[in-house]
Amino acid sequence: GTTCAVAGLRRRPQEAGAGAPTWDAWVANAGDSRGLLFRPGAGGAETLVASEDHKPDRPDELARIARAGGFVSDADAARRPAAS
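Per chain, residues are indexed from 1 in the order of the written sequence. Local features in this predicted model are restricted to residues whose pLDDT is 70 or higher, and side-chain atom pairs enter the listing and the counts only when it is 80 or higher, whereas totals over whole chains, interfaces and linings include all residues. Only heavy atoms go into the side-chain values, all of them from the structure, while hydrogens and water stay out.

With reference to specific residues and values, describe the environment of Ala25.
Assignment of secondary structure puts Ala25 in strand 2 (residues 23–30). The cut-offs for exposure are 20% and 50% of the maximum accessible area for each residue type, with area from a 1.4 Å probe on protein chains only; residues under the lower value are buried, those over the upper are exposed, and the others partly exposed. Take Ala25: its relative accessible area is 42%, and that puts it in the partly exposed class. Apart from residues lying up to four places away in sequence, Ala25 is in contact with Gly8, Leu9 and Leu37. Segments assigned H or I by DSSP are reported as helices when at least four residues long, segments assigned E as strands when at least two residues long, and all are numbered from the N terminus. Only heavy atoms matter for contacts: two residues are in contact if any of them lie within 4.5 Å across the pair.

This is the structure in structure tokens:
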């Protein structure tokens, strides 16, 4: 399947002498990709999960697929030959 994760950063405008800059971050993903952000802190870097996996067994994802007119099937079952 197709997977992708992308992120963008934008420095917020600030007045001169206002201290350390602040940033906005956007993270998007498709498929089984996951976006993570790392934020430095006093005790070391903090890891933040910035996106959710698009798994068809999640109720909200299954509902989204159905609303779009799609369906989810068991691909493993479709590949198994029928018993004779």
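How would you explain the pattern of salt bridges if you had to name every residue and give the values?
Opposite charge on two side chains permits them to pair, given that their charged atoms come into close proximity. Any carboxyl oxygen of Asp or Glu that lies within 4 Å of a side-chain nitrogen of Lys or Arg is treated as forming a salt bridge with it. Scanning all chains against the criterion turns up five salt bridges. Asp24 is the salt-bridge partner of Arg12, the closest N and O atoms lying 2.7 Å from each other. Of this pair, Arg12 sits in the loop between strand 1 (4–11) and strand 2 while Asp24 is found in strand 2, placing the two residues 12 residues apart along the sequence. A salt bridge links Arg39 to Glu46, with the nearest nitrogen and oxygen atoms 2.9 Å apart. Several salt bridges share partner residues, and in doing so they unite Arg10, Arg12 and Asp24 into one network.

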